[in-house]
Amino acid sequence: MTDAREQFMARARPFVEAGVLAESDVHAIALTAPRFGEHDVERMLGLAFAVRAPRVSHPGVDLRAVSRQIDVETAESSDNDDERAVQLPWPAELAAWAEHTFGSPMVGGPRDKLKPFVRQLRTGSAAATLLLTRRMYVEQVRVAQALAGRMATELPPHERVRDLEGTLQRLFPDDRDGEAARAVRLAATRSLALIVGGPGTGKTYSVTRLLAALLEGQGPAGAPPTVAPAAPTGKAAARMREAIREATDAHARPSLDVPDAIRARLQSLPATTLHRLIGIRPDGSARHGVESPIPAQVVIVDEVSMVDLTLMRQLLEAVHPSARLVLLGDREDARLLAFVEIIPRQLGAALNTGHSIQHKHRCFSHMQRAEYFADKILITGNINQVDL
């Protein structure tokens, strides 16, 4: 046993020295493997990469492609031609290494709850078999269940927008039935929206129109909803606040036709960090959750690609069931796909159906273009229509 531990530590050392694996990744496996009768050095190395995955914002690892993924990560984080990833002592056959690791006594299926790692098939355009820690698998399931519950919940009458069509006619005078207007219409009638697009594709344009519609037309007595914009970091929150202010300025183009009181409200919207919004404590617990939801009727989160699964789960559980949740992100960001890809895989089980989601729970749609921007946007639609 001691020999296997020492051999594993020596096998993992080049990856640690290159900054690919952390000491904690390696020691986690070295300490737990003997309890499960695992002494195979190559399998232990594969398990260490599964421990690493959430640390770099991935739910799990595809061992068949991990060397290529490391090459990309190294290139993105280096200012020079760093060849560390190429020189790393990877197993000769990655596919064989993956299958060998899946045979570890520490790896089981989703229902093998006593196994600390899960082998999970990923379907879609990027089909593969992922290796995850049991904790990350459970986080996926909880996120999927929270999404399913939110999508299956109808907005109560007092949370719906009054005269939505009239408001959209004024906000989109030249294209009320265009893709941007349809996206806002859909988001205004659902409790969950996902807006995805690169810089300059119109996410802020769509969100400010959505906020204007909500602030103008919600509530039986005309009381506007409470709005809570947030982002994962303070810098991202500041950018979000400034983008909303610029888009709602009286001299902005395209112009926003709203009463002065609504414009002033939009201009004064604060933005905070997601951790502060949820009330994350030093021990990882949160002030807001299922029993004590965030006191806001509209929660908008920018840079969702930077939100890991645990924080996403805490967010979904902290937003009141009758509140609207709008998520903004970059479609090209692999970290966003790490979150989005769990939807079709997990949601069927969460809904106890054999399909990703039923049409009656419509909450996603795919925009092909927009009037004021050219790139693709993904904002609310059918989950089984999302191109992953």
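Residues numbered from 1 in each chain as written. Predicted model: local features only at pLDDT ≥ 70, side-chain atom pairs only at ≥ 80, totals over all residues. Heavy atoms only, no water.

Draft legend 1. Inspection of unusual backbone geometry at higher detail. Cis geometry is found at the peptide bond from R253 to P254, where omega equals 0 degrees. Examined against the element boundaries, P254 turns out to sit in the loop between α11 (234–247) and α12 (260–267). Look at S57: it is not a glycine, yet its phi comes out positive at around 70 degrees. By the secondary structure assignment, S57 is in the loop between α3 (41–52) and α4 (66–77). For E303, which is not glycine, the phi torsion reads 55 degrees and is therefore positive. (Helix = DSSP H or I, 4+ residues; strand = E, 2+ residues; numbered from the N terminus.)

Draft legend 2. Highlighting the nonpolar core. Grouped together as the largest cluster of nonpolar side chains are 33 residues, with contacts concentrated most on F8, L21, F49, W90 and L131. Of all the secondary-structure elements, those providing two or more residues to this core are α1 (2–17), α2 (23–32), α3, α4 and α6 (94–102). Here the element with the most residues in this core is α3; it accounts for 7 residues. L131 has contacts with G46, L47, A50, G60, V61, L63, T101, F102, V107, F117 and V118, leaving out every residue within four places of it along the chain. F172, V207, L269 and L328 belong to the second-largest nonpolar core, a separate cluster that totals 32 residues. (Core = buried A, V, L, I, M, F, W, Y, C linked by side-chain atoms within 4.5 Å. Buried < 20%, exposed > 50% of the residue type's maximum accessible area, 1.4 Å probe, protein only. Contact = heavy atoms within 4.5 Å.)

Draft legend 3. Structural context of the pairing of strand β2 (residues 117–122). Two strands pair when backbone bridges link them, and strand β1 (residues 107–108) and β2 are joined in this way by 2 bridges, in the parallel orientation. Bridge assignment links V107 to a residue of β2, and that residue is F117. Pairing geometry for β2 and strand β3 (residues 128–133), over 6 bridges, is antiparallel. Across the sheet, residue R122 finds its bridge partner in β3, namely A128. (Pairing = 2+ DSSP bridges.)

Honestly, it's all geometry; don't read function into it.
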